[in-house]
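Structural characterization, general
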There are 2 protein chains.
Amino acid sequence: MYRTHTCGELRLINKNENVSLSGWVQRTRNLGGMTFVDIRDRYGITQLVFDMDTNSELCEQARKLGREYVIQVKGNVSERSSKNSKMPTGDIEILVTEINILNKSDVPPFTIEDDTDGGDDIRMKYRYLDLRRATVRKNLELRHRMGQEVRKYLDAQKFIEVETPVLIKSTPEGARDFVVPSRMNKNQFYALPQSPQVFKQLLMIAGYDRYFQIVKCFRDEDLRADRQPEFTQIDCEMAFVEQQDIINVFEGLAKHLFKEVKGLDIEGDFIQMPYSEAIANYGSDKPDLRFEMKIVDLTELAKQNDFVVFNSAEYIGGICADSCASYSRKELDKLTKFVQRPQIGAKGLVYVKYNEDGSFKSSVDKFYSQDDLKKWADLFNAKPGDLLLILAGDREKTLSQIGELRLEMANKLNLLDKDKFVPLWVVDFPLLEWDDDSSCFHAMHHPFTSPKKEDIELMDTDPGKVRANAYDLVINGVEIGGGSIRIFNDELQQKMFKLLGFSKEEADAQFGFLMNAFKYGAPPHGGVAFGFDRWVSLFAGLDSIRDVIAFPKNNSGRDVMIDSPSEIAKEQLDELFLKTIKPKE
Amino acid sequence: MYRTHTCGELRLINKNENVSLSGWVQRTRNLGGMTFVDIRDRYGITQLVFDMDTNSELCEQARKLGREYVIQVKGNVSERSSKNSKMPTGDIEILVTEINILNKSDVPPFTIEDDTDGGDDIRMKYRYLDLRRATVRKNLELRHRMGQEVRKYLDAQKFIEVETPVLIKSTPEGARDFVVPSRMNKNQFYALPQSPQVFKQLLMIAGYDRYFQIVKCFRDEDLRADRQPEFTQIDCEMAFVEQQDIINVFEGLAKHLFKEVKGLDIEGDFIQMPYSEAIANYGSDKPDLRFEMKIVDLTELAKQNDFVVFNSAEYIGGICADSCASYSRKELDKLTKFVQRPQIGAKGLVYVKYNEDGSFKSSVDKFYSQDDLKKWADLFNAKPGDLLLILAGDREKTLSQIGELRLEMANKLNLLDKDKFVPLWVVDFPLLEWDDDSSCFHAMHHPFTSPKKEDIELMDTDPGKVRANAYDLVINGVEIGGGSIRIFNDELQQKMFKLLGFSKEEADAQFGFLMNAFKYGAPPHGGVAFGFDRWVSLFAGLDSIRDVIAFPKNNSGRDVMIDSPSEIAKEQLDELFLKTIKPKE
């Protein structure tokens, strides 16, 4: 052992002990006769003292230590004269008697501090140095802690962790697969799993009753800030359960994590909000309930006058922004531009200022009287000083646009408290969604999702109305996970395939072996999968999943640290009976 | 919930309770007026009773239940008149009042019993049915339990579990990589990790101090019974440690698993056996110490006569098989054939029977007198009734052949007790091994393995003699894991590369970014990786790792259940700018 203690361990109680520490040089300060060196490891920082009077040679040595040198010191624990209450070891310092330089360090390309001077690109290239920063390390420690607690909870609930294969079979359904050429089976390919969906259902058929796995999944998609080509799921499945049973177990998991990891007691049951209500009130199937600002439907009330934009709209609605009547022209223009961004796509924004004096000023004063606007304000439950922001158009799109505006306003009004957590279940999702491009229904979750019993008849008459036994866990506007009860009845499954436009042959080709497995006694079952990266990043108070991943890839799917992907040797390609084709420039 | 209890839960204490159970029909027995049905789930089997007199309709229904039907029953817990002490629920049975067939089942292609009638191939194809058998399920439950206990122990030891990437970079060193074509980076490839070696060393440089991960690794090798293209490692690394520190921590892990999983207390420290001793005494670097039967070096003693085979041999040695002097000609011929198998490759086998009457009968009676043979017997510590089995030739090969023979004899003599576990550390491995083919040294472990300090000088004078700070954990002749202290000094690393025949350019090209990382303050570090599949299969008493893997692949790397690998669509290949080449027949 190169140490008797870690750099975060010593306290006043260790006074006068002879100790040895090992770690990295955080910084050195020369104060005339004394030199102070902060030594750092994963566990903390300890102050080392070198006295010119006592041992000038040693002191000279200490003065020459560079940042990030790896050193081992021996010395005596001493009480500090000026204590530092901000660090756990702040009561003590080490009077050093011996120093060993274990390794030197080049000057790092950025400072190893919480507020580093390094930009994103250089920190990615030198990720192993970025990982030294306490802020980054804490995210990975949080991830570790959450992983352990997930396992502890699920193990106690009799879940069995089963590793499913990584080299599986490519299916044309869903997102794009990463494929892996097989050398032993020439011209054939494995695929990396987008999720272990099929395998977990097979494990239920195999009678494993309660399965989970914290598992890497892969999707070859064009990347965004919160997407990575490889990501981690908490994947779970249970047999002999109905929707509420699954919700109970995994609400328990969420509460366990809140309690053990964040120290928060979440009282009572999570809200269960039907999908239709989430859309109507929050313009989103993942509503952020840390703040109210519900969407108000103004359609009926606003159509009574001659404003053609409203009268031709399927839907009119908006939100009431607390105490924002004083917004300037410029601020309102900015909001208009916000909703007109192509990602959001609204044509324009109507505002109504409910002035402190009780009067109204709006962008539709030409069409609506003060009395009209008072009625609107009442519907919004607005008070003098508030600002109404109103959009109109196609119902679905408009609600989604208002939902985005609602989040933007919450952000402006500092309502997005990162230390507050409001979880809910969104339930009663539609089973199917109509796809205009292909003119047929798609499965909103996946083709094995069970419809609600009471809606099964609608599958023949009005398939778009059928609700699924599907549920999402949403926290603070982030979809942490979701799942469904699966179809386990062959007849119902065939009906579902038919609705999705699969011929019997197509269904057989794609899902044949799973359908075959269902013939041998499939139990009722259902499950859920959580985005582990996202859950950790939510708990860490981060906006992107990248900083809870030790070695993430950039937006082009590259690991710039190891410079991957890269070209491979011709011999490797030959062995795989593969040829690369040069893309046309 | 489809049940109030599981099928393994009910006891006499539940007598008279109204319960509901769900599970699979294990079997039905019609005994005149009564019908008994065994219902099975992951947790056990419970007996259901249907009485023709009480409810003939229900009884008729029960009689029609097929094997593996999924049913839900309601009924009353009753005390059995004839109890079955072999099953935990054997004191009770359920007087059924209601039965729901949740799903029918086709007749399964083999019986779901511990001793099934299904062959290997059909069980692999219907793996989800094979997984229903209690023997298979217990292996996976053991795997789960071991995984949880590994995490519990390492977490308590302050190890942090960090997920390293699966999409990494191909390196020409070592075994063959699986590669993954990148769509976003055309004509470039990721590789799947053979181990997270580089990343765990980077995590040490990043100051993570104690890292572990239970992680899938991949090797595109031709397969054997105990190899799979994807396998699972318990991968660990520690900073600021020397060899003995690592051995202490992971001996602790092994003892924890023995205790918590097998209920065994292993007293005292594990033996640490130098590699040279393991080879000399057991003919193997993974000696099975469940039995003695040490190899005896007969070279000096046997060279004193005119037997040219011996006199021309570099090494003569053998084992003493207890009480085997009575072996017949046929049995001895079988042993000769055993050592002559091409995998073993001995030319012949010399035997010496130490008869009960004190006389000797050997295959070399022409050359050696009874007195000569008595001296041999004394050297072997043999007693009348024993059999000496002797091989001669090149030292290294002969020792390995005797090692194989030793295991074969132990097997014949029933010395391989699956309930006995003898762990040891094999230490002091050579740093390098000479490769005749390429006429240069190869790293016995990997190029970052540190030589022993006291042997560093030998690197210049006699590299083959240099011992490494490397160690393997061996249990019952199985190498469960191994590791080493890493080089963290640039100068020493360059010397190592030179010995391995790398030019500076080659070393840079292959390990450049890791070498670069070493410039920024690398701490002394070392680690270990355990074969998780192997460890589980050892604890399960199995010879192959296949049955501790939920969905294993066959010897051609195929998953015959999902029929993978398979051809992929031309569109997928086009997107990847790839073309397959038809192999010549």
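Before reading on, note that the structure itself is shown above.
In this report, we go over the structure that sits alongside the text. (Residues numbered from 1 in each chain as written. Chains lettered and ligands numbered in written order. Predicted model: local features only at pLDDT ≥ 70, side-chain atom pairs only at ≥ 80, totals over all residues. Heavy atoms only, no water.)

At the interface, 125 residues of chain A touch 125 residues of chain B. Regarding the contact of chain A and chain B, the summed buried area is about 11,400 Å², with carbon and sulfur atoms giving 58% of it. Taken together, the links from chain A to chain B amount to 14 salt bridges. For the salt bridge of A:Arg183 with B:Asp220, the shortest nitrogen-to-oxygen distance reads 3.1 Å. Counting across the interface, chain A meets chain B through 85 residue pairs in polar contact (both at pLDDT 80 or more). (Contact = heavy atoms within 4.5 Å. Buried area = accessible area lost by both parts, 1.4 Å probe. Salt bridge = Lys/Arg side-chain N within 4 Å of Asp/Glu carboxyl O. Polar contact = N/O pair within 3.5 Å; in protein donor to acceptor, adjacent residues only side chain to side chain.)

All names here are of chain A. One can describe the packing of helix H4 (residues 134–156) onto helix H6 (residues 243–262) by two numbers: an axis separation of 10 Å at closest approach and a directional angle of 140°. Considered as vectors, H4 and H6 are oriented oblique to each other. Where H4 crosses over H6, the two elements pack in a sense that is right-handed. Contacts from Leu142, Arg145, Met146, Glu149, Val150, Tyr153 and Leu154 in H4 reach Val249, Phe250, Gly252, Leu253, His256, Leu257, Glu260 and Val261 in H6. (Axes fitted to C-alpha atoms, helices over the stretch in contact; angles between N-to-C directions. Helix = DSSP H or I, 4+ residues; strand = E, 2+ residues; numbered from the N terminus. Parallel < 35°, antiparallel > 145°, perpendicular 65-115°, else oblique. Left-handed = near helix turned anticlockwise from the far one by under 90°.)

Looking now at empty space enclosed by the protein. Per the stated rule, a full pass over the model turns up 13 cavities of 30 Å³ or more. Its volume calculated, the largest cavity comes out at about 550 Å³. Taken together, the residues of the lining of the largest cavity break down into twelve nonpolar, twelve polar and ten charged. Each pocket or cavity is described by its volume, and for the second largest cavity that value is around 150 Å³. Lining the second largest cavity we find 19 residues, and of these A:Glu163, B:Lys216, B:Ile549, B:Ala550 and B:Phe551 sit closest to its centre. When residues of the lining of the second largest cavity are traced back to their parent elements, those giving at least two are helix H4 (134–156) and strand E10 (230–239) of chain B. (1 Å grid on protein atoms, 1.4 Å probe; cavity = no way out; pocket = protein on both sides within 12 Å on 5 of 7 lines; lining within 4 Å. Points joined across faces, edges and corners; volume = space filled by probe spheres on them. Nonpolar A, V, L, I, M, F, W, Y, C, P; charged D, E, K, R; others polar.)

The next subject is a negative patch on the surface. All names here are of chain A. Residues Glu113, Asp114, Asp115 and Asp117 make up a contiguous surface patch of negative charge. Looking at the secondary structure, you find Asp114 in the loop between strand E5 (92–103) and helix H2 (120–125). Taking relative accessible area as the criterion, Asp114 reaches 45% and is therefore assigned partly exposed. (Patch = residues over 30% accessible without salt bridge, like charges linked within 9 Å, V, L, I, M, F, W, Y side chains within 5 Å. Areas by Shrake-Rupley, 256 points an atom, 1.4 Å probe, with all protein chains shown as cover. Lys, Arg positive; Asp, Glu negative; His and termini not counted. Charge placed at Lys NZ, Arg CZ, Asp CG, Glu CD. Buried < 20%, exposed > 50% of the residue type's maximum accessible area, 1.4 Å probe, protein only.)

Here we take up the relation of the copies chain A and chain B. Two chain copies here: they are related by a rotation about an axis and a translation along the same axis. With an axial shift of 0.0 Å and an RMSD of 0.1 Å, the rotation relating chain A to chain B amounts to 180°. Between the two chains, the operation in question is that of a two-fold axis. Most of the interface of chain A is mirrored in chain B, where 100% of its interface residues are also at the interface. (Least-squares fit on C-alpha atoms with pLDDT ≥ 70 in both.)

So, about the nonpolar core. With 88 residues, the main nonpolar core has A:Leu202, A:Leu389, A:Leu405, A:Met409 and B:Tyr128 as its most contacted residues. By residue number, the principal contributor to this core is helix H15 (residues 504–518) of chain A, which donates six residues. Not counting residues within four places of it along the chain, the set of residues in contact with B:Tyr128 comprises A:Leu202, A:Ile205, A:Ala206, A:Phe513, A:Asn516, A:Ala517, A:Tyr520 and B:Met561. (Core = buried A, V, L, I, M, F, W, Y, C linked by side-chain atoms within 4.5 Å.)

Once that is clear, we can look at the packing of aromatic side chains. This model, assessed by the stated rule, comprises 54 aromatic pairs over all chains. Measuring from ring centre to ring centre gives 5.2 Å for A:Phe530 and A:Trp535, while their planes differ by 45°; the resulting arrangement is tilted. Looking at A:Trp535, the relative accessible area reads 0%, which means it is buried. Measuring from ring centre to ring centre gives 6.3 Å for B:Trp425 and B:Tyr471, while their planes differ by 80°; the resulting arrangement is edge-to-face. Here the residue B:Trp425 occupies a position in strand E17 (residues 423–427), and B:Tyr471 occupies one in strand E20 (residues 470–475), the gap between them amounting to 46 residues. Each member of the pair, B:Trp425 together with B:Tyr471, is buried. Each residue in the set A:Phe159, A:Phe250, A:Phe258, A:Phe421, A:Phe530, A:Trp535 and A:Phe539 is aromatic and connected to the rest through ring pairs, giving one cluster. The ring of A:Tyr126 carries A:Lys125 above its face, with NZ or CZ at 5.8 Å from the centroid. (Phe/Tyr/Trp six-rings, centres within 6.5 Å; stacked < 30°, edge-to-face > 60°. Lys NZ or Arg CZ within 6 Å of the ring centre and 35° of its normal.)

Before going further, it helps to spend a moment on the pattern of salt bridges. Residues and elements named next belong to chain B. Under the defined criterion, the tally for this structure stands at 92 salt bridges over all chains. Glu230 is paired through a salt bridge with Lys553; the nearest N and O atoms lie 2.8 Å apart. Highlighted residues: Glu230 in strand E10 and Lys553 in the loop between helix H16 (532–539) and helix H17 (570–575), separated in sequence by 323 residues. Measuring nitrogen to oxygen at the nearest pair gives 3.8 Å for the salt bridge that ties Glu454 to Arg467. Placement of Glu454 in the loop between strand E19 (440–443) and helix H13 (458–461) and of Arg467 in the loop between H13 and E20 is noted, with a sequence separation of 13 residues between them.

What follows covers H4(A). Between its first and last C-alpha, H4(A) extends 32 Å over 23 residues, near the 33 Å set by a 1.5 Å rise per residue. Downstream of H4(A) by a residue or two, A:Lys158 has a phi angle that is positive, lying close to 70°. (Expected span 1.5 Å × (residues − 1).)

Residues and elements named next belong to chain A. As summarised here, the arrangement of the eight strands in space is E6-E9-E10-E22-E21-E20-E17-E11, forming an open sheet in which the pairing is mixed. Taken across any chain shown, the strands that pair with only one partner, and hence form the sheet edges, are strand E6 (160–161) and strand E11 (271–274). In the sheet, strand E9 (residues 210–218) pairs with strand E10 (residues 230–239) via nine bridges, with the strands oriented antiparallel. Bridge pairing links Ile214 to Ile234 in E10. (Pairing = 2+ DSSP bridges.)

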